[in-house]
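# Coordinates in review
Take a look at the letters that make up each chain.
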Amino acid sequence: ILIINELDADQVLTDSAEFIELYDGGVGNTALDGKVVVFYNGSNDTSYAAFDLDGYSTDAQGYFVLCGNVANVANCDLDVSPDTDLIQNGQDAAALYEGDAADFPNGTVVTTVDLVDAIVYDTSDADDPGLLVLLNAGQPQVNENGGGSGTTHSNQRCPNGSGGARNTDTYIQDDPTPGTENCVV
């Protein structure tokens, strides 16, 4: 099953190394046709960006990285715009759906229809009940500042690929590892 394995929304000063990593459990070369990544703004619980993944696949190790600036993110498979401030900080969410970007024009309300996986995250903000519906019951909103250094850490599943779809209880904060295994000791 395809999951959101890592997300980095906050860097020092201007956010210019943002990314979201998908992972297929290590199967590798999984086609992403018919999938879309959607970003939600917690201030109004509506979408602000959506990116089609048609024509892409995970790499041989099972990873796929969407980023804002390939010059600043290792192993980026899909470089999208904008180069800075792609992924919002605060009470926000990223979700993976079956569908197309056209299904999620800016301002689309949160939905669980055709939802594959999601992460609801923040940077030391209060929980957002309007976004938490994207997760399984009782799953936490993830704090990128939880490891004490949100501007240098990402939210990542540890162990790598753990937790299952729409579960966030295995996310930790550590140095970003786009396109590679999380939590390597």
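This section reports on the structure supplied with the text. (Residues numbered from 1 in each chain as written. Predicted model: local features only at pLDDT ≥ 70, side-chain atom pairs only at ≥ 80, totals over all residues. Heavy atoms only, no water.)

## Observations concerning the sheet that holds strand 7 (residues 92-98)
The cut-off we apply is this: At least two DSSP bridges between two strands are required for those strands to pair. Only DSSP runs of H or I with at least four residues qualify as helices, and only runs of E with at least two residues qualify as strands; both kinds are numbered from the N terminus onward.
An order of 4-3-7-8-9 is seen for the 5 strands of this open sheet, with the pairing classed as mixed. Edge positions in the open sheet fall to strand 4 (46-52) and strand 9 (142-143), since each of these has one partner strand only. Pairing of strand 7 with strand 8 (residues 115-122), which is carried by 6 bridges, proceeds in the antiparallel orientation. Its bridge partner being in strand 8, Ala 94 is matched across the sheet by Ile 119.

## Some thoughts on the packing of aromatic side chains
Rules: Working definition: a ring pair exists when centres of Phe, Tyr or Trp rings (six-membered ring for Trp) sit within 6.5 Å. Plane angles under 30 degrees give stacked, over 60 give edge-to-face, the rest tilted. Here's how the labels work: a residue is buried when its accessible area is under 20% of the maximum for its type, exposed when over 50%, partly exposed in between, all with a 1.4 Å probe on protein chains only.
This structure, assessed with the given rule, holds 5 aromatic pairs. Judged by centre distance (6.2 Å) and plane angle (70°), the ring pair of Phe 39 and Phe 51 falls under edge-to-face. Within this pair, whereas Phe 39 is found in strand 3 (residues 35-41), its partner Phe 51 is found in strand 4, the two being separated by 12 residues in sequence. Residue class for Phe 51 comes out buried when judged on its relative accessible area of 13%. Members of the aromatic cluster, connected to one another through ring pairs, are Phe 39, Tyr 48 and Phe 51.

## Some thoughts on a negative patch on the surface
We count it as follows: Within this analysis, patches are made of residues with over 30% relative accessible area and no salt bridge. Like charges are joined at 9 Å or less; nonpolar side chains (Val, Leu, Ile, Met, Phe, Trp, Tyr) at 5 Å or less. Residue burial considers only the protein chains on display, and all accessible areas are found by Shrake-Rupley using a 1.4 Å probe. Any Lys or Arg side-chain nitrogen located within 4 Å of an Asp or Glu carboxyl oxygen qualifies as a salt bridge. As used throughout, the charge tally considers Lys and Arg to be positive and Asp and Glu to be negative, leaving His and the chain termini uncounted. Taken as the charge centre is NZ of Lys, CZ of Arg, CG of Asp or CD of Glu, depending on the residue.
Judged by side-chain charge, Asp 33, Asp 52, Asp 54, Asp 100, Asp 103 and Asp 114 come together as a negatively charged surface patch. You can see Asp 52 is positioned in strand 4.

## Notes on the nonpolar core
This is how it is decided: Nonpolar core, defined: a set of buried Ala, Val, Leu, Ile, Met, Phe, Trp, Tyr and Cys residues in which side-chain atoms within 4.5 Å join the residues together.
Within the largest apolar cluster, 26 residues are counted, with the highest numbers of intra-cluster contacts made by Leu 7, Phe 39, Leu 53 and Leu 66. Elements represented by at least two residues in this core include exactly strand 1 (3-8), strand 2 (19-23), strand 3, strand 4, strand 5 (63-67), strand 7 and strand 8. Judged by nonpolar contacts, the second largest core, of 16 residues, contains Ala 101, Phe 104, Leu 131 and Leu 135.

## Some thoughts on the environment of Asp 59
Stated formally: Contacts are assigned to residue pairs that have any heavy atoms within 4.5 Å of one another. Polar contact criterion, stated in full: a pair of N or O atoms within 3.5 Å, where within protein one must be able to donate a hydrogen and the other to accept it, and residues adjacent in sequence count only if both atoms are side-chain atoms.
Structurally, the position occupied by Asp 59 is in the loop between strand 4 and strand 5. Each C-alpha atom of the pair Asp 59 and Ala 137 lies 32 Å from the other, and the pair is 78 residues apart in sequence. Beyond its immediate chain neighbours, meaning those up to four positions away, Asp 59 contacts Gly 28, Asn 29 and Gly 179. Here the side chain of Asp 59 touches Gly 62 through a polar contact of 2.9 Å, landing on its backbone nitrogen.

## Some points on the pairing of strand 11 (residues 171-174)
Of the two faces of strand 11, the one lined by Tyr 171 and Gln 173 is fully buried and the one lined by Ile 172 and Asp 174 carries no buried residue. Where strand 10 (residues 154-157) and strand 11 come together, 4 bridges link them in antiparallel fashion. In the strand pairing of strand 11, Gln 156 is matched with Ile 172.

## Section: the pairing of strand 2
Summarising burial for strand 2: 5 of the 5 residues are buried, a large majority. Relative to strand 2, strand 1 runs antiparallel, the two being bridged by 5 bridges. Looking across to strand 2, one finds that Ile 3 is bridged to Tyr 23. Here strand 2 pairs with strand 5 via 5 bridges, running antiparallel. The residue bridging Tyr 23 from the neighbouring strand is Tyr 63, located in strand 5.

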